[in-house]
Amino acid sequence: MVHTPTRSQDFLETLSTRSQEIFRRLVERYIETGEPVGSRAISKMLDAQLSPASVRNVMADLEDLGLIAAPHTSAGRAPTQQGLRFFVDAMLEVGAMDEAERDRIARNFAGSTGNVEDLLNEASVMLSGLSHGAGMVIAAKADMVLKHIEFVRLDAERAMAILVGQDGQVENRIIALPPGLTASALTQASNFLAHYISGRTLKEAQDAIRKRSEQQRAELDEIAQRLVDQGLASMIDRETSAPTLIVRGRANLIDDTMASEDLARVRELFDEIENKKGLLELLADAETAQGVRIFIGSENKLFSLSGSSVVLSPYKDASDKVVGVLGVIGPTRLNYARIVPVVDYTAHVLTRLIGKKGGV
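(A) Seen up close, the overall build of the protein chain. A tally of regular secondary structure across the protein chain gives 15 helices and 10 strands. When the 360 residues of the protein chain are sorted by exposure, 43% land in the buried category. The long-range share in the protein chain, meaning contacts at least 24 apart out of those at least 6 apart in sequence, stands at 62%. Approximately 18100 Å² of the protein chain is accessible, and the part contributed by carbon and sulfur atoms is 47%.

Right, dumping it as structure tokens:
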């Protein structure tokens, strides 16, 4: 997560037990209602008798620390982004999912046709329904295992690479040609690559070619060699740049009472998600993640503008490789204690189902 754990530790050491309790009650009520919380309401919640005036004094200290603030002209207080981060790091109590919810997730997955695309779609729909937020699944694009490759010259500077997969899928990529490349050198490069590509992904073919001896390198014209190296590199770059994205439940993030600027920010968030900006960063982050991660507000640049929170967990394939990330997008007052185990369990179930299929 994008935060500094020591900062939360500092707050724990600074706040008295009473201050921590008042802060916890305030955040829990805010998450429950979405409304700023006043000192009188907190006073009634506390086990120990404490007057509203005494609570107000503690709240003033919490405000000075930047943990709570008064939204607009409200008399109550709401947690700041820093306050929510402290709450999540130091006070969040994540309970186990009840059996009914586990069964619901299992039944929903059981109702899918079983192919991976349906499983991912079902996960997104389910996360939206369980969280009342938007369910999101990002899947790293599976590299195509190739059967054949052929270059077709378009002009002096460009060629089209026609990639044929073993499953019959065909993709076209436009690549730049090295200056001075002759028609025979283009054919030579095409034939050379066809030998190494059959039965491999582009990346595997690149690795195999790099392991060739100098004598094998000499068999290929220098300019053709440049086309092979540069062409493979550019095709691999493009292959890994477009993950699959599934988002369900967008309407859950749009409230009829929203101010126009808030509505515009949510719409811009979905525009950025659809344009797949920042998705590769989320995937890369997931590869190093140990379980669920929580980003609040501006902690992740993709969600910072909309002021949303996102709870994410990676899922893996049969070889224990992270192949995607799933999660929930919602307001910063998400019910984290409930959403975290839902996201975590869904990721585990999806990992298990993908593992049974032997990959993605």
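Now that the structure has been shown, we can carry on.
(B) Just the packing of aromatic side chains, in detail. Here the structure, examined in full by the defined rule, presents three aromatic pairs. Here F192 and Y196 contribute two aromatic rings whose centre-to-centre distance is 5.0 Å and whose plane-to-plane angle is 45°, an arrangement assigned as tilted. Taken together, the residues F192 and Y196, both in helix α8 (residues 183-197) and four residues apart, mark about one turn of the helix. Owing to a relative accessible area of 14%, F192 belongs among the buried residues under this scheme. Taken together, F11, F23 and F86 form an aromatic cluster joined through their ring pairs.

(C) Seen up close, the side chain of S308. Topologically, S308 is positioned in strand β9 (residues 308-316). For S308, a relative accessible area of 6% puts it in the buried group.

(D) Up close: the environment of A53. Structurally, A53 can be placed in helix α4 (residues 52-64). Residues A53 and R40 lie 13 residues apart in sequence; the distance between their C-alpha atoms is 8.4 Å.

(E) Up close: empty space enclosed by the protein. This model, assessed by the stated rule, comprises one cavity of 30 Å³ or more. The space that makes up the largest cavity amounts to roughly 50 Å³. Considering the residues around the largest cavity, the lining is formed by L282, D285, A286, A289, R293, F295, L312, S313, P314 and V325. Residue assignment for the lining of the largest cavity shows that the elements contributing at least two residues are α13 (279-287), β8 (293-296) and β9. Its residues assigned to classes, the lining of the largest cavity shows seven nonpolar, one polar and two charged.

(F) Main features of unusual backbone geometry. In this structure, H132 is a non-glycine residue whose phi angle is positive, near 60°. Note on placement: H132 falls in the loop between α7 (116-131) and β3 (134-139). If you check the backbone angles, D320 has positive phi at about 70° while not being a glycine. Looking at where D320 falls in the secondary structure, it is placed in the loop between β9 and β10 (322-331).

(G) The pattern of salt bridges, seen in detail. Summed over the entire model, instances satisfying the criterion amount to 11 salt bridges. Close ionic contact of K203 with D207 constitutes a salt bridge, the shortest N to O distance being 3.0 Å. Residue K203 and its partner D207 are both found in helix α9 (residues 202-210); the two are separated by four residues, about one turn of the helix. Given a relative accessible area of 35%, K203 falls into the partly exposed group.

Quick notes on the rules
Residues numbered from 1 in each chain as written. Predicted model: local features only at pLDDT ≥ 70, side-chain atom pairs only at ≥ 80, totals over all residues. Heavy atoms only, no water. Helix = DSSP H or I, 4+ residues; strand = E, 2+ residues; numbered from the N terminus. Buried < 20%, exposed > 50% of the residue type's maximum accessible area, 1.4 Å probe, protein only. Contact = heavy atoms within 4.5 Å. Areas by Shrake-Rupley, 256 points an atom, 1.4 Å probe, with all protein chains shown as cover. Phe/Tyr/Trp six-rings, centres within 6.5 Å; stacked < 30°, edge-to-face > 60°. 1 Å grid on protein atoms, 1.4 Å probe; cavity = no way out; pocket = protein on both sides within 12 Å on 5 of 7 lines; lining within 4 Å. Points joined across faces, edges and corners; volume = space filled by probe spheres on them. Nonpolar A, V, L, I, M, F, W, Y, C, P; charged D, E, K, R; others polar. Salt bridge = Lys/Arg side-chain N within 4 Å of Asp/Glu carboxyl O.

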